[in-house]
Number of protein chains: 2
Amino acid sequence: MTAPNARLEAQFAFLNEADRLKSVLRATTLVDGSRRENSGEHSWHLTLYAMTLADQSAPGVDIARVIKMLILHDLVEIDVGDVPIHSAQGKAHASAETQAAEQAAATRLFGLLPPDLAQSFRALWEEFEAAETPDALFAKSLDRVQPVMANLMSGGGTWTRYNVTSDQLDSRVGAKIAKGAPALWTYIRAKTRRFFGN
Amino acid sequence: MTAPNARLEAQFAFLNEADRLKSVLRATTLVDGSRRENSGEHSWHLTLYAMTLADQSAPGVDIARVIKMLILHDLVEIDVGDVPIHSAQGKAHASAETQAAEQAAATRLFGLLPPDLAQSFRALWEEFEAAETPDALFAKSLDRVQPVMANLMSGGGTWTRYNVTSDQLDSRVGAKIAKGAPALWTYIRAKTRRFFGN
């Protein structure tokens with residue numbers, strides 16, 4: 001790329017393509033139940049969760065890095081769509097097919113960027129997906145907490161739609177939240193008992 | 001507040017109320033022109049702008065702080081609504097009435113938070129609004145660039161709707177962008193010539 005504005009052209013090609021995340025619909029609704037949430041506004045809400053619940057993170061977690069992961073975490077859905085955690089008996093979300101499709105999407109989307117940004121953005125997304133570092137574990141916890149709160153506020157939401165049991169809530173959602181933010185899961189789980197009976 | 005979960009209750013009262021930003025509609029449309037953008041997804045897109053265009057910021061700008069400002073910058077619209085920059089002949093956006101309403105909204109919304117967070121979030125929002133520090137000037141520039149790009153991509157957008165002239169574009173938009181990201185304005189302004197003829 002030798003044109004004088006080649007770098008800016010690549011940066012805006014990525015930013016304009018990223019706009020499509022606002023058209024990816026999730027299973028979860030807004031808190032007021034009025035419509036389904038899209039993955040762009042969901043990503044914003046999660047960054048606000050990270051700022052607001054920073055005191056729930058483990059020692060050493062870098063909230064600025066967590067926020068950057070959350071900004072990027074759902075971009076691959078532009079190609080793959082949102083795969084609801086409770087759909088297909090909980091089997092679709094982490095399937096090999098979904099993961100391969102997300103890897104291909106990451107290659108295409110981050111590949112729009114100048115190489116230095118492509119590399120650093122993809123590294124952050126891979127770290128989030130691997131869910132091993134303290135930063136990624138906290139980011140993953142928030143990504144699981146926010147739809148639980150939306151379901152609580154909107155009268156059951158995806159739990160009702162997918163006939164989720166309390167065991168499934170604990171295994172698909174609770175275990176992930178507890179890894180990165182244990183006290184948050186204790187607090188939220190207590191609120192879910194009126195929906196699940198236990 | 002003496003209840004054991006009083007802090008978490010306040011944190012989630014704020015996060016649930018913030019959800020309403022997803023229902024505040026802006027004048028600008030999505031890049032594909034399919035519908036108007038809401039202020040929640042707009043805020044997410046701006047955080048991605050900050051990550052992607054960090055190399056356009058002045059020396060010393062702290063991108064992590066810029067991102068936090070952008071996450072918070074439109075929350076007051078939950079009470080006030082979005083005031084389009086080109087509406088009412090460009091006079092509504094920064095009017096004393098709008099500013100007073102936004103201050104009242106900030107008091108109500110940030111007042112939902114525990115005091116320490118209320119203070120730090122409001123300070124970031126006030127810094128953004130004052131548009132004096134390098135971090136705030138860069139954040140403001142991005143907030144002006146993103147709708148220009150949406151108008152470019154969607155065939156004119158709010159420029160057509162509000163009969164915006166090139167002088168108005170320069171004074172209402174360009175001057176703000178140039179303060180925080182001058183090379184970005186030069187680049188974007190060149191692209192607008194096919195709409196404005198100069």
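Let me begin by describing the structure that accompanies this report. (Residues numbered from 1 in each chain as written. Chains lettered and ligands numbered in written order. Predicted model: local features only at pLDDT ≥ 70, side-chain atom pairs only at ≥ 80, totals over all residues. Heavy atoms only, no water.)

Some words on the environment of Thr133(A)
Alright, step 1. Position of Thr133(A) relative to the elements: it lies in the loop between helix H6 (115-130) and helix H7 (134-154).
Alright, step 2. Through-space distance from the C-alpha of Thr133(A) to that of Ala104(A) is 23 Å; in sequence the pair is 29 residues apart. (Helix = DSSP H or I, 4+ residues; strand = E, 2+ residues; numbered from the N terminus.)

Looking at the pairing of strand S1 (residues 25-29) of chain A
Residue and element names in this part refer to chain A.
Alright, step 1. Summarising burial for S1: 4 of the 5 residues are buried, a large majority.
Alright, step 2. As paired strands, S1 and strand S2 (residues 36-38) are joined by 2 bridges and run antiparallel to one another. The partner of Thr29 across the bridge, within S2, is Arg36.
Alright, step 3. The turn linking S1 back onto S2 is made up of 6 residues, and Gly33 within it adopts a positive phi angle of 75 degrees. (Buried < 20%, exposed > 50% of the residue type's maximum accessible area, 1.4 Å probe, protein only. Pairing = 2+ DSSP bridges.)

Points about the side chain of Glu127(A)
Alright, step 1. You can see Glu127(A) is positioned in helix H6.
Alright, step 2. A distance of 2.7 Å separates polar atoms of two side chains, one belonging to Glu127(A) and the other to Thr133(A). (Polar contact = N/O pair within 3.5 Å; in protein donor to acceptor, adjacent residues only side chain to side chain.)

Quick word on the relation of the copies chain A and chain B
Alright, step 1. Note on the copies: chain A fits chain B at an RMSD of 0.0 Å, the axial shift is 0.0 Å, and the rotation between them is 180 degrees. Here the transformation between the copies is reduced to the relation of a two-fold axis.
Alright, step 2. In this assembly, 100% of the residues forming the interface of chain A have copies in chain B that are likewise at the interface, indicating an isologous arrangement. (Least-squares fit on C-alpha atoms with pLDDT ≥ 70 in both. Contact = heavy atoms within 4.5 Å.)

Re the pattern of salt bridges
All names here are of chain A.
Alright, step 1. The tally for this structure, following the rule as stated, stands at 32 salt bridges over all chains.
Alright, step 2. With its nearest N and O atoms 2.6 Å apart, the salt bridge here joins Arg20 to Glu17.
Alright, step 3. Overall, Arg20 belongs to the partly exposed group, its relative accessible area being 41%.
Alright, step 4. Here Glu17 falls in the buried class, since its relative accessible area comes to 17%. (Salt bridge = Lys/Arg side-chain N within 4 Å of Asp/Glu carboxyl O.)

Concerning the interface of chain A and chain B
Alright, step 1. Taken residue by residue, the interface counts 51 residues in chain A and 51 residues in chain B.
Alright, step 2. Across the chain A/chain B interface, buried area totals approximately 4,400 Å², and carbon plus sulfur atoms make up 68% of it.
Alright, step 3. In this assembly, chain A and chain B are joined by 6 salt bridges.
Alright, step 4. Residue Glu37(B) pairs with Lys22(A) through a salt bridge whose shortest N-O separation is 2.7 Å.
Alright, step 5. At the boundary of chain A and chain B, one finds 26 residue pairs in polar contact (both at pLDDT 80 or more).
Alright, step 6. Mapped by element, the contributors of at least two residues to the side of chain A that touches chain B are helix H1 (6-18), S2, helix H2 (39-52), helix H3 (63-72), H6, H7 and helix H10 (182-196) of chain A.
Alright, step 7. Of the residues forming the side of chain A that touches chain B, the biggest block, 10 residues, is contributed by H2(A).
Alright, step 8. Partitioned by chemical class, the residues of the side of chain A that touches chain B number 28 nonpolar, 12 polar and 11 charged. (Buried area = accessible area lost by both parts, 1.4 Å probe. Nonpolar A, V, L, I, M, F, W, Y, C, P; charged D, E, K, R; others polar.)

Description of helix H10 (residues 182-196) of chain B
Alright, step 1. When the terminal C-alpha atoms of H10(B) are compared, their 20 Å separation across 15 residues agrees well with the 21 Å that a helix rising 1.5 Å per residue should span.
Alright, step 2. Burial in H10(B) covers these residues: Leu184(B), Trp185(B), Tyr187(B), Ile188(B), Arg189(B), Thr192(B) and Phe196(B).
Alright, step 3. Along its buried surface, H10(B) packs onto H1 of chain A together with helix H7 (134-154), helix H8 (158-161) and helix H9 (166-180) of chain B.
Alright, step 4. One or two positions beyond H10(B), positive phi appears at Gly197(B), with a value near 80 degrees. (Expected span 1.5 Å × (residues − 1).)

Quick notes on the packing of aromatic side chains
Alright, step 1. Under the defined criterion, the tally for this structure stands at 14 aromatic pairs over all chains.
Alright, step 2. Taken together, the ring pairs in this structure connect Phe14(A), Phe110(A), Phe121(A) and Trp125(A) into an aromatic cluster. (Phe/Tyr/Trp six-rings, centres within 6.5 Å; stacked < 30°, edge-to-face > 60°.)

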